[in-house]
Amino acid sequence: MLWIPGVDEIPLSILDVKENSAVSVAVKRVGEATEALHKKKAREIIGVRGPFGNSFTLKRGRVLMVGGGTGNIPLFFLAKTLVKEKVKITFVTGAKAREELLFLEELYAQLGRENVLAATEDGSYGFKGLATQPLEALLMREKFDMVYACGPEQMVQKVFNLTEKYGISFEASLERLMRCAIGLCGSCVIGKYRVCRDGPVFTAEKLSTVKGEFGVFKRDLDGKKIPIE
Ligand SMILES: Cc1cc2nc3c(=O)[nH]c(=O)nc-3n(C[C@H](O)[C@H](O)[C@H](O)COP(=O)(O)OP(=O)(O)OC[C@H]3O[C@@H](n4cnc5c(N)ncnc54)[C@H](O)[C@@H]3O)c2cc1C
Ligand code: FES
């Protein structure tokens with residue numbers, strides 16, 4: 001949880017941890033807090049709480065990662081970790097347009113160009129369409145031991161449905177509105193789970209128990225259910 005004094009505190013994923021323990025994040029400017037963060041200069045003060053929640057299971061063998069938008073960020077960190085363990089990774093990364101495809105060159109360098117499949121909704125780079133579209137062909141062609149996903153929830157839900165169909169283990173990191181991050185306020189609830197405490201990473205088994213809300217509803221600031229568009 002990153003605190004921007006006088007503005008707000010927001011949840012962010014860890015992008016990387018350097019050898020000197022410096023932690024980096026990548027932030028998309030979408031509203032008040034992220035805008036304020038973008039305007040910060042070196043040596044200005046911010047606050048950090050955490051890290052909170054659980055993490056992805058580190059799987060061996062052959063894995064597939066599917067990231068959309070800022071959802072790519074925790075998957076980069078995961079990919080970097082698994083590559084060191086010689087895990088074979090295929091990465092499908094999607095964004096609205098080329099300029100929003102994050103860290104593509106770094107991904108190519110880490111995983112090899114042939115293992116990265118980029119998709120843009122406007123067709124400005126790679127496959128034209130949603131990241132989920134080339135997935136089914138990939139799942140029919142190749143065998144994976146695990147699929148990891150993070151991104152817009154309807155995208156994650158489509159990936160989940162495909163892994164159910166093909167019987168592959170699945171984990172996804174979910175996004176919800178977060179305020180306390182320690183399980184008290186309820187703003188991050190999905191079914192019987194709190195994303196901040198029980199997640200943000202959920203297995204297919206857990207997600208299948210909250211199908212009525214996963215990809216369908218989230219909560220607003222008043223705790224009311226609102227449809228996910
Ligand atoms: C576990 C987790 C990890 C995240 N990791 C990252 C990250 O690494 N990098 C990054 O840029 N963003 C990440 N986010 C999203 C980030 O927290 C929100 O974009 C941020 O809180 C928006 O704050 P704001 O004040 O700038 O925008 P607001 O003024 O609060 O909202 C602006 C717009 O963003 C939407 N929004 C607000 N909060 C969220 C949210 N939690 N998830 C999705 N949309 C939201 C609002 O609906 C609104 O449309 C993460 C969210 C979660 C829950
Ligand atoms: S953010 Fe408060 S319960 Fe999860």
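Residues numbered from 1 in each chain as written. Chains lettered and ligands numbered in written order. Predicted model: local features only at pLDDT ≥ 70, side-chain atom pairs only at ≥ 80, totals over all residues.

Colleague: Would you explain the sheet that holds strand β6 (residues 62-68) in this entry?
Modeller: Hydrogen bonds along the backbone pair up the strands of a sheet, which may run parallel or antiparallel. With mixed pairing, the seven strands of this open sheet are ordered in space as β9-β8-β7-β6-β10-β11-β14. Of all the strands in the sheet, the pair left with one neighbour each is β9 (127-128) and β14 (201-203). Sheet strands in contact with helix α2 (residues 72-84) are β6, β7 (88-95), β10 (146-150) and β11 (170-173), and its direction is about 160° off that of β6. (Pairing = 2+ DSSP bridges. Helix = DSSP H or I, 4+ residues; strand = E, 2+ residues; numbered from the N terminus. Contact = placed C-beta atoms within 7 Å. Axes fitted to C-alpha atoms, helices over the stretch in contact; angles between N-to-C directions.)

Colleague: What is the right way to read the site of ligand 1 from this model?
Modeller: Looking at ligand 1, there are 21 residues lining it, with I10, S13, G31, A33 and T34 nearest. Elements that contribute at least two residues to the shell around ligand 1 include exactly β2 (8-10) and α1 (32-38). Among the elements that line the shell around ligand 1, the one with the most residues is α1, at three residues. Class assignment of the residues belonging to the shell around ligand 1 gives a composition of twelve nonpolar, four polar and five charged. (Near = placed C-beta within 6 Å. Nonpolar A, V, L, I, M, F, W, Y, C, P; charged D, E, K, R; others polar.)

Colleague: Just to check I follow, could you spell out the pairing of β10 for this structure?
Modeller: Where a strand is regular, its side chains alternate between the two sheet faces. Counting buried residues along β10, five of its five residues qualify, which places the element largely inside the surrounding structure. In the sheet, β6 pairs with β10 via five bridges, with the strands oriented parallel. Residue pairing across strands places G67 opposite C150, the latter belonging to β10. With helix α5 (residues 153-166) bridging β10 and its parallel neighbour β11, the resulting β-α-β unit is right-handed. (Buried ≥ 20, exposed ≤ 12 C-beta atoms within 10 Å, placed from the backbone. Right-handed = clockwise from strand over helix to strand, strands pointing away.)

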